[in-house]
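What follows is each chain in one-letter form.
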Amino acid sequence: MLYAIIGHDAPNSLDKRIAARPAHLARLQTLQDEGRLLLAGPFPAVDAVDPGAAGFTGSLIVAEFQSLQAAQEWAAADPYATAGVFRQISVQPFKKVLPA
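Just so you know, these numbers come straight off a predicted model, no measurement behind them. (Residues numbered from 1 in each chain as written. Predicted model: local features only at pLDDT ≥ 70, side-chain atom pairs only at ≥ 80, totals over all residues. Heavy atoms only, no water.)

1. Regarding the overall build of the protein
The helix and strand inventory of the protein stands at three helices and four strands. If you list the helices and strands of the protein from N to C, you get β-α-β-β-α-α-β. Counting the 100 residues in the protein, one finds 29% classified as buried. In the protein, once contacts between residues fewer than 6 apart in sequence are set aside, the share between residues at least 24 apart is 74%. Summed over all atoms, the accessible surface of the protein reaches about 6,100 Å², with 56% contributed by carbon and sulfur. Charged side chains in the protein number 8 positive and 9 negative. The centres of these two groups are separated by 4 Å. (Helix = DSSP H or I, 4+ residues; strand = E, 2+ residues; numbered from the N terminus. Buried < 20%, exposed > 50% of the residue type's maximum accessible area, 1.4 Å probe, protein only. Contact = heavy atoms within 4.5 Å. Areas by Shrake-Rupley, 256 points an atom, 1.4 Å probe, with all protein chains shown as cover. Lys, Arg positive; Asp, Glu negative; His and termini not counted. Charge placed at Lys NZ, Arg CZ, Asp CG, Glu CD.)

What follows is the structure in structure tokens.
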């Protein structure tokens, strides 16, 4: 089943995000290589593709996992979570409807 993982960034965590990004992307690449990643990306803090020093407010990942618990465990072990980038993470089932 698909699960939506939403990480909400801690205040002033841009430096931590930049430092943890290579490891975070490597985990996402593994999901992609396994055919389990639907989409992933950050929420810019301002209305711009490159928010610069404004940074980001969080991230969204939609991927396939065996169970809600497996998705929660994966999210808790993400480098953004362990490095303190995320102040809160929510994980919930997701049903893709469109595009078909």
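2. Here we look at the nonpolar core
Note on soluble globular proteins: their nonpolar side chains tend to be buried together. Core analysis: the biggest nonpolar cluster contains 11 residues, these being Y3, I5, L28, L31, I61, A63, F65, A71, W74, A75 and V91. Of all elements in the fold, only β1 (2–9), α1 (14–33), β3 (56–64) and α2 (68–76) reach the threshold of two or more residues within this core. Ranked by the residues each element gives to this core, the list is headed by α2, at three residues. Apart from the residues within four sequence positions on either side, L28 is in contact with L37, A40, I61 and W74. (Core = buried A, V, L, I, M, F, W, Y, C linked by side-chain atoms within 4.5 Å.)

3. As for unusual backbone geometry
Across residues other than glycine, the phi torsion is negative in most instances, and most of the peptide bonds are trans. Along the chain, L98 connects to P99 via a cis peptide bond; the corresponding omega equals -5 degrees. Along the chain, the position of P99 falls in the segment after β4 (86–94). With a phi close to 55 degrees, N12 is a non-glycine residue in the positive phi region. Relative to the helices and strands, N12 resides in the loop between β1 and α1.

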